[in-house]
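Take a look at the letters that make up each chain.
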Amino acid sequence: MVDYGIKVWANGDFIIKNGKVCVNEGSQPAIIDIVKEIRSNGIRGPLLLRFPHLIHKQIRSIYSNFKQAQKEIKYQGSFQAVYPLKVNQFPNFVKNMVEIGKEYKYGLEAGSKAELILAMTHNNNGSPITVNGFKDSEMIGLGFIAAEMGHNITLTIEGLNELEGIIETAKERFAPKPKIGLRIRLHSSGTGIWAKSGGINSKFGLTSTELIQAVKMLKNANLLEQFTMIHFHIGSQISEIAPMKKALREAGNIYAELKKMGAKNLHAINLGGGLAIEYSQYESVQQRNYTLQEYANDVVYLLKDIANKKNEMEPDIFIESGRYVAASHAVLIAPVLELFSQEYTEQKLEFKEANPQLVEELHYLYTTINAKNAMEYLHDAIDHMESLLTLFDLGYVDLQDRSNTEVLVNLIIKKAVNILGEKHYSEILNIQEQVQEKYLVNFSIFQSLPDYWGLEQNFPVMPLDMLDEHPTRSASLWDITCDSDGEIGFDIKEPLFLHDVDLDEREYFLGFFLVGAYQEVLGMKHNLFTHPTEATIKINNDGYEVENLLESQCILDILEDLDYDVRDIQDTLNDRIEESELIDEKAKKHILGELYLLLNDNGYLKTVSNIPNKVQ
Ligand SMILES: *Cc1c(COP(=O)(O)O)cnc(C)c1O
């Protein structure tokens, strides 16, 4: 059976049991059952499920791998991790993450004033805060306030002007002061689509000349003792370990050199983020060539080696992994609304007295197709369609002929892929682009998978059930925005096959996995589709709890966010209806009631179909 590469990307977080995707934790609930329970309360549209146990799993694995690596080679420095808020600042992620991180003294990283305020309010007592990114004097002041409140905070300087700001601010503020970190500009950089943060031309960090000057400035301002950390970040989703090792060697040597220049309190190297996760559903196109164990071993070994050679103390190690911590915790579930070819049924055929020769032939192909001739007939049908469409353009066949052509060809494709099935997979694959089915899915790619739109980053996708049946249709996925970019096209190199379902008979849901990092906050409100309904699922040994169900914004709130005066919108709609001369009082009342409900409901689709009580 097709397992949608679950062994490649799921890291044991999800498994297939009885034909359903299940969460591999405690009672191992099927995701589809959780979805159905939530929908039984009238919730419709796409749904984002958060699984806090997966945040815990990632945090635990970071700590245990680094601790293990340090223990093995008797590393002298400590290990600490902070979570960069920019990866996901949504409260139902952050609150769970902070609570889970407590026992590890897991800290937070902030890159803006708003994130720093979040860190100052949510961070566990005693856990570190690091601040990166460009800072003005107000943000520097905020960093000082955090230190004065008792936070263990390090302000990382991106440029010398920021350091001047810190020196000025320090003169005016109270004790205690924040610690100071220097971001170093490496000549090494990462690889892959996110590798713009490192390298000599990167947006961030001090050159070696600037580092020397920074130490002098700190010394003159009597602040050198606050300088405790150097920081680098070579980019996100680092696909290969080699560039990371190169960067580490460079950073380790800079650390030792700065110590020799008198930075006596410098004790930490912050490696930034970049730990990759595997998004690929195909073993042949994996995106990461190392394990966390290997990464941890390399980091610890290299830093020990450099420190020992240069006769300096082994530095404490900080990391700021975001993607690795957050990605797996969230799954997006989207209902399939329509299979485009589903409307092509035999009932739609309306033959004329005399049909064009090619239409007659298509009909013949359709009625006589069998296992022996299926492949050949499929090719013929596609050829005939091309010819008939050309004849239509030239005016030789009419709209009814064209309709019969489209219906027949779709019926032939359906029959052929069913007959050929699994056995002729490779042959069929060659013509999948032509015979693919389009699935209309109730979600917005711009809102929920912005990195697919912006960077062509694939996310694992699979149906939530029917996994004991072979999927026969090569699929392209269409979202509900009216933008032609809102499509995940069929890709012959990483083909997606889905089931040929009759949506009048059953529901069909797709799960998009590993969407917990970056997607939520980068999500765009294209067409005014906003963040989907979300829920936090806590799994135990007997079942699971649905917590913090937060419905997708209603239409009035969406408009209010754009700064519309929603009172005005409501009044205008009411007035126009009241003043209308086309409808009577009873109708007006009815319409006003309908509008009221609509304005207070979320903006995703709710197609009603023939299944009793089924509303998508
Ligand atoms: C974005 C960022 C991170 C997180 O990177 P991931 O690839 O998500 O681990 C860490 N540190 C800094 C400075 C960043 O800008």
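Please read all numbers here as calculations on a predicted model, not as lab measurements. (Residues numbered from 1 in each chain as written. Predicted model: local features only at pLDDT ≥ 70, side-chain atom pairs only at ≥ 80, totals over all residues. Heavy atoms only, no water.)

Our next topic: the overall build of the chain. The number of helices and strands found in the chain is 22 helices and 20 strands. Dimensions of the chain, computed from C-alpha atoms along their principal axes, come out at roughly 100 × 65 × 55 Å. Within the chain, buried positions represent 55% of all 616 residues. Considering only residue pairs separated by 6 or more positions, the chain has 76% of its internal contacts joining residues 24 or more positions apart. Total accessible area computed for the chain in this model is approximately 27,600 Å², and 49% of it derives from carbon and sulfur atoms. Separation between the mean location of the 59 positive side-chain charges and that of the 88 negative ones in the chain comes to 11 Å. (Helix = DSSP H or I, 4+ residues; strand = E, 2+ residues; numbered from the N terminus. Buried < 20%, exposed > 50% of the residue type's maximum accessible area, 1.4 Å probe, protein only. Contact = heavy atoms within 4.5 Å. Areas by Shrake-Rupley, 256 points an atom, 1.4 Å probe, with all protein chains shown as cover. Lys, Arg positive; Asp, Glu negative; His and termini not counted. Charge placed at Lys NZ, Arg CZ, Asp CG, Glu CD.)

Right, let's get into the site of the ligand. Around the ligand, 16 residues are found, and the nearest of them are Lys86, Ser236, Glu320, Gly322 and Tyr518. Contact distances for the ligand include 2.8 Å between an oxygen atom and a backbone N or O atom of Gly322. One nitrogen or oxygen atom from the side chain of Tyr518 is found 2.6 Å from an oxygen atom belonging to the ligand. For the ligand, whose accessible area on its own is 380 Å², the fraction buried by protein is 93%. Considered class by class, the residues forming the shell around the ligand number 3 nonpolar, 9 polar and 4 charged. (Near = heavy atom within 4 Å. Polar contact = N/O pair within 3.5 Å; in protein donor to acceptor, adjacent residues only side chain to side chain. Nonpolar A, V, L, I, M, F, W, Y, C, P; charged D, E, K, R; others polar.)

Turning to the domain arrangement of the chain, a few remarks are in order. Considered domain by domain, the chain is made up of domain 1 (75-320) and domain 2 (556-599). A straight line from the C-alpha centre of domain 1 to that of domain 2 covers 52 Å. (Domains from an automatic or database assignment.)

For helix α4 (residues 91-101), a buried count of 8 out of 11 residues is recorded, marking the element as mostly surrounded by other parts of the structure. For α4, the set of buried residues is Asn92, Phe93, Val94, Asn96, Met97, Val98, Ile100 and Gly101.

Bringing the packing of helix α7 (residues 160-172) against helix α8 (residues 208-220) into the picture now. α8 packs onto α7 with a crossing angle of 5° between their chain directions and a minimal axis gap of 11 Å. On the basis of the axis angle, α7 is roughly parallel to α8. Contact residues: Leu160, Leu163, Glu164 and Ile167 in α7; Glu210, Gln213, Ala214, Met217 and Leu218 in α8. Tallied by class, the residues present in the contact of α7 with α8 amount to 6 nonpolar, 1 polar and 2 charged. (Axes fitted to C-alpha atoms, helices over the stretch in contact; angles between N-to-C directions. Parallel < 35°, antiparallel > 145°, perpendicular 65-115°, else oblique.)

Turning our eyes to something else, we now look at the environment of Ala330. Its location among the elements puts Ala330 in strand β12 (residues 330-339). A relative accessible area of 0% means that Ala330 is categorised as buried. Apart from the residues lying within four places of it in its own chain, the contact partners of Ala330 are Leu48, Leu49, Phe512, Phe513, Leu514, Val515, Gly516 and Glu520.

Around the barrel, 8 strands lie side by side as β4-β5-β6-β7-β8-β9-β10-β11; this closed barrel has parallel pairing. Averaged over all pairs of adjacent strands, the angle between their axes in this sheet comes to 25°, without regard to strand direction. Of the pairings in the sheet, the one linking strand β8 (residues 179-183) to strand β9 (residues 227-231) comprises 4 bridges and is parallel in character. By the bridge assignment, Leu182 is partnered in β9 with Ile230. Set on the sheet, helix α3 (residues 52-72) makes contact with β4 (79-84) and β11 (316-319); between it and β4 the angle comes to about 155°. Lying on the sheet, helix α9 (residues 242-260) is in contact with β9 and β10 (268-270); it crosses β9 at an angle near 160°. (Pairing = 2+ DSSP bridges.)

A few words on the pattern of salt bridges. Pairs can form between side chains of opposite charge once their charged atoms are near each other. Inspection of every chain in the model, using the stated rule, returns 27 salt bridges. Linking Asp298 and Lys245 is a salt bridge whose minimum nitrogen-to-oxygen distance equals 3.8 Å. Of this pair, Asp298 sits in helix α10 (residues 292-309) while Lys245 sits in helix α9, and the two are 53 residues apart along the sequence. Looking at Asp298, the relative accessible area reads 16%, which means it is buried. For Glu257, the salt bridge is made with Lys310, and the minimal N-O distance between the two is 2.6 Å. A residue pair is termed long-range when its members are at least 10 positions apart, and Glu257 in helix α9 and Lys310 in the loop between α10 and β11 qualify at 53 residues. Since its relative accessible area comes to 40%, Glu257 is described here as partly exposed. (Salt bridge = Lys/Arg side-chain N within 4 Å of Asp/Glu carboxyl O.)

With that out of the way, let us pick up the environment of Glu494. Here Glu494 is to be found in the loop between β16 (487-488) and β17 (497-498). When residues no more than four places from it in sequence are discounted, the contact partners of Glu494 are Tyr282, Val285 and Asn458.

To continue, consider the packing of helix α6 (residues 137-148) against α7. Axes are the key here: two packed helices are described by the angle between their axes and the distance separating the axes. Orientation of α6 relative to α7, taken along the N-to-C sense of each, is 50°, at an axis distance of 10 Å. As judged from the angle between their axes, α6 and α7 are oblique. The handedness of the crossing between α6 and α7 is right-handed. Contacts between α6 and α7 pair Ile140, Gly141 and Phe144 from the former with Glu162, Gly165, Ile166, Thr169 and Ala170 from the latter. (Left-handed = near helix turned anticlockwise from the far one by under 90°.)

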